[in-house]
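Coordinate inspection notes
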Amino acid sequence: MGIIVGSQTRLVVQGITGREGSFHALNNRRYGTNVVAGVTPGKGGQDVEGIPVFDTVSQAVVATQANTSLVFVPPRFAVDAIYEAVDAGIQTVICVTEGIPAHDMLLAWHWVRERGAVLVGPNCPGVCTPGQANVGIIPADIFAEGSVGVVSRSGTLTYQLGKELADMGIGNSSIVGIGGDPIVGSNFIDVLARFEEDPDTDMVVMVGEIGGAEEEKAAAWVADNMNKPVIGYVAGLTAPPGKQMGHAGAIISGSSGTAASKVEALREAGIEVGKNPTEVARIVAEQRGVTVG
Amino acid sequence: MGIIVGSQTRLVVQGITGREGSFHALNNRRYGTNVVAGVTPGKGGQDVEGIPVFDTVSQAVVATQANTSLVFVPPRFAVDAIYEAVDAGIQTVICVTEGIPAHDMLLAWHWVRERGAVLVGPNCPGVCTPGQANVGIIPADIFAEGSVGVVSRSGTLTYQLGKELADMGIGNSSIVGIGGDPIVGSNFIDVLARFEEDPDTDMVVMVGEIGGAEEEKAAAWVADNMNKPVIGYVAGLTAPPGKQMGHAGAIISGSSGTAASKVEALREAGIEVGKNPTEVARIVAEQRGVTVG
Amino acid sequence: MDLYEHQGKELFARYGIPVSEGRVATTPEEARTAAEELGGQVVVKAQVLIGGRGKAGGIKLASGPDEAFEHASNILGMDIRGHEVGRLWIEKASDIKAEYYLSVTFDRAAKQPLIMLSTMGGVDIEQVAEEHPDRIARRHVDPLLGIQPYEARQLCFAAGVPVELSGQVVKIILQLYAAFRGEEAMLTEINPLIVTPDDVVRALDAKFTVDESALFRHPDVAAMRDVGAADPQEQMARERGVTYVKLDGNVGILGNGAGLVMSTLDVVEQCGGSAANFLDVGGGAKAEEIVASLEVILADPKVDSILFNIFGGITRCDEVARGIIAALTTLDVTVPMVVRLDGTAAAEGLALLEQADLDGVTVSSTMLGAAELAIEKAGRATAASVS
Amino acid sequence: MDLYEHQGKELFARYGIPVSEGRVATTPEEARTAAEELGGQVVVKAQVLIGGRGKAGGIKLASGPDEAFEHASNILGMDIRGHEVGRLWIEKASDIKAEYYLSVTFDRAAKQPLIMLSTMGGVDIEQVAEEHPDRIARRHVDPLLGIQPYEARQLCFAAGVPVELSGQVVKIILQLYAAFRGEEAMLTEINPLIVTPDDVVRALDAKFTVDESALFRHPDVAAMRDVGAADPQEQMARERGVTYVKLDGNVGILGNGAGLVMSTLDVVEQCGGSAANFLDVGGGAKAEEIVASLEVILADPKVDSILFNIFGGITRCDEVARGIIAALTTLDVTVPMVVRLDGTAAAEGLALLEQADLDGVTVSSTMLGAAELAIEKAGRATAASVS
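Note that the structure is a prediction, hence the values are computed from the model and not measured. (Residues numbered from 1 in each chain as written. Chains lettered and ligands numbered in written order. Predicted model: local features only at pLDDT ≥ 70, side-chain atom pairs only at ≥ 80, totals over all residues. Heavy atoms only, no water.)

The next point concerns the overall build of chain C. Secondary structure summary: chain C contains 13 helices and 19 strands in total. Each principal axis of the C-alpha atoms in chain C carries an extent, and together these give about 80 × 50 × 40 Å. Burial statistics for chain C: of 387 residues in total, 55% are counted as buried. Summarising the internal contacts of chain C: among those between residues at least 6 apart in sequence, 69% fall at separations of at least 24. Of the roughly 15300 Å² of accessible surface on chain C, a fraction of 50% belongs to carbon and sulfur atoms. Counting 34 positive and 57 negative side-chain charges, chain C places the centres of these two groups 5 Å from one another. (Helix = DSSP H or I, 4+ residues; strand = E, 2+ residues; numbered from the N terminus. Buried < 20%, exposed > 50% of the residue type's maximum accessible area, 1.4 Å probe, protein only. Contact = heavy atoms within 4.5 Å. Areas by Shrake-Rupley, 256 points an atom, 1.4 Å probe, with all protein chains shown as cover. Lys, Arg positive; Asp, Glu negative; His and termini not counted. Charge placed at Lys NZ, Arg CZ, Asp CG, Glu CD.)

Right under this line is the structure:
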């Protein structure tokens, strides 16, 4: 089954006629995702290799019963696309766009929550449920079907981890990139709660990084609410304070937000933490009784 | 029991040290209302004839368990007072202030609703439950205890009606002035629904006037949802279109909002309508088997 | 408060909405100068706060300054549905390929702003609304979040705006909403929103109604009030802080509270009379306000009697009685008055009146009785003046 | 993006927040002129994007122009915690009765702006936060509704602002929130917010961090970026559109994606090495960006080897390989490189590298292996240069 996306997903891609939009829409379809529609205002009536294009998300929903949206719209217009999707009744919105102004997301976060929709991202690689659906830019071929859930703030680091797991013969239920921005639609806790509920997941790897306090909050939540084992990793142990490391969210201010404090919080919550992706994969393998070669 | 205010009311008066605020706070207390506190920023620690004054509504709630607020604050600051009351946990706010900008109320209406609080007004005379509590500026001595509920957009017209009823020996469960502004916190339907639920009310008089479409909507609602009899009255049968008759809400635009169309809607919903306050009182008396002198 | 077209366009321009260049003129000479400055064909447009001026001959195309002068001479002073034309807006003429309709209104029932867009704009929009309601695209906006671009796009697609124009129209929708919100309007309307032959979209008219209660935040808009345009008595009432609307009958009405005053007008008609005005002194009126209100009512020569209907809540009836006594001693009141006082301090008020023993003042204890008496006295006065 | 004090004050003034009059100076001569224009006592303040300048001697009181000149001479060029002072803010000196603290921050965890106010402001605010957390009043604001005056009043009462000052402080709180919202800041801070002996409240310092992603809506703020202040290599990186942070080690790092690059730094340290930099080429990098990134890394003379760690998603490994090949043919690369390519088009990329058969380029198939190799090569290079 997996979480957030799967065989039930009927995907509409917002910004489908753009270079990246069309490339990944087709890529997602190639993987097996049910891509039912695309939206580009003013290009309604066209199609992208057979995927019908509509002017508005509403029209796409009416015509194709799309239930999930993938947003590939430039940062200045991306929140508008999120609003449009939710207003059209889409209950799952995955936003890849990087560089959305933080104040825009602040408002959007509250508005989307009040309407009960699930937003993943922005600035995230998407969600993949191996064997069922891949929504976003994750190179899904790395990942095998299995029962280890992965939730991560970082894209390429997720791939690295998937690769290390795959090298040990371990597959995944779903891989969720939550994104590295200051405000993301779904945080660790939102995703961990879904993995806890998901019958096809029996263990979760949580990949954090410096900045913010989400890892600490997630650790406390895991201690109180999760029965399935969680393995942790935090990137940025050597990051200097006061410097923004790429992601808008990845910055250490004062003594808070350091990787060391996050690792400590995770360990206090009973979560085993690996010091690098290779070690994380080894811990997972050991806990599952997989022989490490 | 009555509705909205009663013996359970613990009233805080916002703007209590103003001329009108103190006059009516004391007037309400004289009637028997449990006035527990007043609020005027910067005057915390003072008292108004024994009523303690606080700087903020929060402090008043903590110290006195106030559960109802009466807002007597000038129009520029009145929405702020409403927000403050609701944010402090007050669940019933009655706002007398006239002249609050309509856009301010537009935002406040949504915000207050989302928080589940009841707002009556603005630009309303208040709510009186005879024998229990009077909150606002209604000259409560006109009204006797009884079982006829009254809901009205207009203040003095309500008094006129109460007087006509009293002259026939008919008393009231509660009298609710909902106010005549374009946006009011509680509309006819909100109040009618409460009267329908109230065991001490067995009949309702609904007093409307020109402008808007609330009477029409209320009529349809009454037809579908109310078992208790409703007697209607609409002021402004002779009002010319396009002229604003005092209330910001009282204006006829085009063919909508006329008294005639409202009367028709009420009659279609099975509501008997009197052509003037005297006739309304007579209808009520007849329906109750009171001998009309 | 309604604004003139040229004032609305001034506000539009501040929000970036494209409008035609123009000038205000209050004399034919100014109209000529304006036409000279603008060059080419111009349109001479009567500035009145009422619709239908085009059909009434208040809008004329002029080929140049001389014709502008001529049209201005004809239009100035013209009476358009009861409004005298005191000023003109002279603007560059536009070529028109299509006329759209766009408005943002304050929808009280929905408690949300409502945007309406149609590609069938122009003078017949009301007919469109009735016969082809589906040709008017509508959308409510969440007031807390404010309008989002997709909502404007959806309106364009729903209304059938051609794709090559939708960029401009989307922008104007967002701008008009910003003007509605920014100026705290109750209504902003562009009809027609024109499309020129070279595909430029522009506002050819402007209707703007702002919330009087919010004017304290908009002193520049408050200053747009045209004190000259109102009925002189309504103007006088406004200066005295009371709400007055002139009507056609002969029974002057003075009451407290809009609902009660409206009800009083109804009762007068129901009793066979006819009200000369609506006058609400508001809550808590003092004696001076009663005097001032009476001055306003008496400025109407058609008034044959005056009906006082006061139900005191905040208002104290003794203050009202003092006002009546003061008025009768300071003003030259020749019409009979019927006074009904009830509620707060009614007994004191009635005692004051009795004590003063004023000529021409009759007291009545009920609203209905007072109305009947006032009508009777007005009828007698009329009969006397006719005979 | 952090702004200088004087830029923050410029923004404050736009929102009506009271600040002291002042001038920017970049030479002692300008400081003297500024002091002359301002008159009386002035304060000479180093403009650096880091705290603690007061304790470091970067803020001095001058009795007049000559002393301002003297202080400016001493402060300009000073190194304050790694930041060289290149400009000064000369402002009128203030008499101080009390120092408050006020800030609005973007609270990610709560998803709401957070306002903090304390009457114990000044340089020791962090100590106050630790020892007397109850002396800092805090309030979150509903971002959809925006701040309401009562929230500002509650902060004042909770912080213990004297009643006679609360009117001014409430106003400044509302203005600071407006500045935070209007300029899309991540942080706005006034410390100290002073009270003068005659009870005037004024911002004596300004800390302003704006959201880089929102700068397209604020061209005036974008123009405040001090291109001179950044590390020259970081500046070079920004111009080339890559994210670069200089560190202290000798292994240059180039990767794609912030998380992977951070992880690579950690692994290098875990393997006993030390990274020279953080460099994220971002997603979908082309060959030219790889060349540009290598230029940035190589501009640091401390770099003894370079570790490429690319996991292709959007990024194509063949593009990366082309970039490496191009760099080696166009740049004068003398340091050894270890390349690890995985993910999208990894096979093609590795084939291109093999085919090019480049001197000094070694391929590794795992992140850990690549790190070990790069450290070893850097160590050998260091040994060679030392010997």
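Next comes the rest of the description.
In this section: helix 12 (residues 346–356) of chain C. Residues and elements named next belong to chain C. All of the buried residues along helix 12 are Ala346, Gly349 and Leu353. All buried residues of helix 12 fall inside an arc of 65° around its axis, so they share one side. Across from the buried face of helix 12, at angles greater than 90 degrees, the exposed residues are Ala347, Glu354 and Gln355. Each element contacted by the buried residues of helix 12 is listed here: helix 11 (317–330), strand 18 (337–343) and strand 19 (361–363). Where helix 12 ends, the next residue or the one after it, Asp357, has phi of about 50°, a positive value. (Arc of directions from axis to C-beta.)

With nine of its eleven residues buried, helix 5 (residues 149–159) of chain C lies for the most part within the structure. Burial in helix 5 of chain C covers these residues: Tyr150(C), Glu151(C), Ala152(C), Arg153(C), Gln154(C), Leu155(C), Cys156(C), Phe157(C) and Ala159(C). Structurally, helix 5 of chain C contributes buried residues whose contacts are with helix 2 (57–64), helix 3 (75–87) and helix 4 (102–114) of chain A together with strand 9 (112–118), strand 10 (136–140) and helix 6 (163–182) of chain C. The positive-phi residue at the C-terminal boundary of helix 5 of chain C is Gly160(C), with phi of around 80°.

Here we come to the sheet that holds strand 4 (residues 59–62) of chain C. Residue and element names in this part refer to chain C. Spatially, the four strands line up as an open sheet ordered 2-7-3-4, and their pairing is antiparallel. One side of each edge strand has no neighbouring strand; the edge strands of this open sheet are strand 2 (22–25) and strand 4. Taking the axes of each pair of neighbouring strands and ignoring which way they run, one obtains an average angle of 20° across the sheet. As judged from the five bridges shared by strand 3 (residues 42–46) and strand 7 (residues 88–92), these two strands associate in the antiparallel manner. For Ala46, the partnering residue across the bridge sits in strand 7 and is Leu88. Against the sheet, helix 2 (residues 28–38) contacts strand 2, strand 3 and strand 7, and its axis sits at roughly 170° relative to strand 2. (Pairing = 2+ DSSP bridges. Axes fitted to C-alpha atoms, helices over the stretch in contact; angles between N-to-C directions.)

Residue-level contacts link 44 residues of chain D with 54 residues of chain A. Together chain D and chain A conceal approximately 4000 Å² of surface at their shared face, both sides included; 64% is due to carbon and sulfur atoms. Put simply, chain D and chain A have two salt bridges between them. Between Asp104(A) and Arg217(D) there is a salt bridge; the shortest N-O distance is 3.0 Å. (Buried area = accessible area lost by both parts, 1.4 Å probe. Salt bridge = Lys/Arg side-chain N within 4 Å of Asp/Glu carboxyl O.)

A separate point is the pattern of salt bridges. A side chain of one charge can pair with a side chain of the opposite charge when the charged atoms of the two come close. Overall, the coordinates contain 70 salt bridges over all chains when judged by the stated rule. Notably, a salt bridge pairs Arg115(B) with Asp142(D), separated by 3.4 Å at the nearest N-O pair. Of this pair, Arg115(B) sits in the loop between helix 4 (102–114) and strand 7 (118–120) while Asp142(D) sits in the loop between strand 10 (136–140) and helix 5 (149–159), which puts the two residues in different chains. According to the relative accessible area criterion, Arg115(B) is partly exposed, its value standing at 35%. Assessed through its relative accessible area of 17%, Asp142(D) is described here as buried. With a closest N to O distance of 3.0 Å, Arg225(C) and Glu212(C) form a salt bridge. With Arg225(C) in the loop between helix 7 (219–222) and helix 8 (232–240) and Glu212(C) in the loop between strand 13 (207–210) and helix 7, this pair connects stretches of sequence that are 13 residues apart.

To continue, consider the packing of aromatic side chains. Taken as a whole and judged by the stated rule, the model has eight aromatic pairs over all chains. On the basis of an interplanar angle of 40° and a centroid distance of 6.1 Å, the ring pair of Tyr177(D) and Phe180(D) is categorised as tilted. Note that Tyr177(D) and Phe180(D) are positioned in helix 6 (residues 163–182) at a spacing of three residues, about one turn of the helix. We note that Tyr177(D), like Phe180(D), is buried. The ring of Trp111(B) carries Arg115(B) above its face, with NZ or CZ at 3.9 Å from the centroid. Cation over ring: Arg32(D) sits above Phe69(D), and NZ or CZ is 4.4 Å from the ring centre. (Phe/Tyr/Trp six-rings, centres within 6.5 Å; stacked < 30°, edge-to-face > 60°. Lys NZ or Arg CZ within 6 Å of the ring centre and 35° of its normal.)

Moving on: the packing of helix 7 (residues 214–225) of chain A against helix 8 (residues 259–268) of chain A. Residue and element names in this part refer to chain A. Orientation of helix 7 relative to helix 8, taken along the N-to-C sense of each, is 5°, at an axis distance of 8 Å. Put simply, helix 7 runs roughly parallel to helix 8. Facing Glu214, Glu215, Glu216 and Ala219 of helix 7, the residues of helix 8 in contact are Ser261, Lys262, Ala265 and Leu266. Classifying every residue of the contact of helix 7 with helix 8 by side-chain character gives three nonpolar, one polar and four charged. (Parallel < 35°, antiparallel > 145°, perpendicular 65-115°, else oblique. Nonpolar A, V, L, I, M, F, W, Y, C, P; charged D, E, K, R; others polar.)

Contacts between chain B and chain C engage 54 residues on the former and 44 residues on the latter. Interface of chain B and chain C: buried area, both sides summed, is about 4000 Å²; carbon and sulfur atoms make up 63% of it. The interface formed by chain B and chain C contains two salt bridges. The interface formed by chain B and chain C includes 14 residue pairs in polar contact (both at pLDDT 80 or more). At the level of elements, helix 1 (19–31), helix 4, helix 5 (155–167), helix 7 (214–225), strand 13 (230–235) and helix 9 (277–287) of chain B are the ones that each hand at least two residues to the side of chain B that touches chain C. For the side of chain B that touches chain C, the element with the most residues is helix 4 of chain B, which contributes nine residues. Taken together, the residues of the side of chain B that touches chain C sort by class into 26 nonpolar, 18 polar and ten charged. (Polar contact = N/O pair within 3.5 Å; in protein donor to acceptor, adjacent residues only side chain to side chain.)

It is worth spelling out the environment of Ala13(C) at this point. Residues and elements named next belong to chain C. Along the chain, Ala13 turns up in helix 1 (residues 5–14). Judged by relative accessible area, Ala13 falls into the partly exposed class, the value being 43%. With 190 residues separating them along the chain, Ala13 and Ala203 place their C-alpha atoms 9.8 Å apart.

Now for the domain arrangement of chain C. The assigned domain composition of chain C is domain 1 (21–92), domain 2 (98–222) and domain 3 (231–386). For domain 2 of chain C versus domain 3 of chain C, the distance between C-alpha centres works out to 43 Å. (Domains from an automatic or database assignment.)

What follows deals with the domain arrangement of chain A. Residues and elements named next belong to chain A. Each assigned domain of chain A is listed here: domain 1 (11–120) and domain 2 (143–287). With centres defined by C-alpha atoms, the gap from domain 1 to domain 2 works out at 27 Å. Counting residues at the interface gives nine residues for domain 1 and ten residues for domain 2. Both sides of the domain 1 and domain 2 interface together cover about 800 Å² of buried area, and 53% of this is carbon and sulfur.

Before going further, it helps to examine the side chain of Glu91(C). Residues and elements named next belong to chain C. Mapped onto the elements, Glu91 comes out in strand 7. A relative accessible area of 1% places Glu91 in the buried class. Separated by 2.9 Å, the side chains of Glu91 and Trp89 make a polar contact. When residues no more than four places from it in sequence are discounted, the contact partners of Glu91 are Glu5, Lys9, Ser20, Glu21, Gly22, Leu38, Gln41, Val42, Val43, Lys45 and Leu204.

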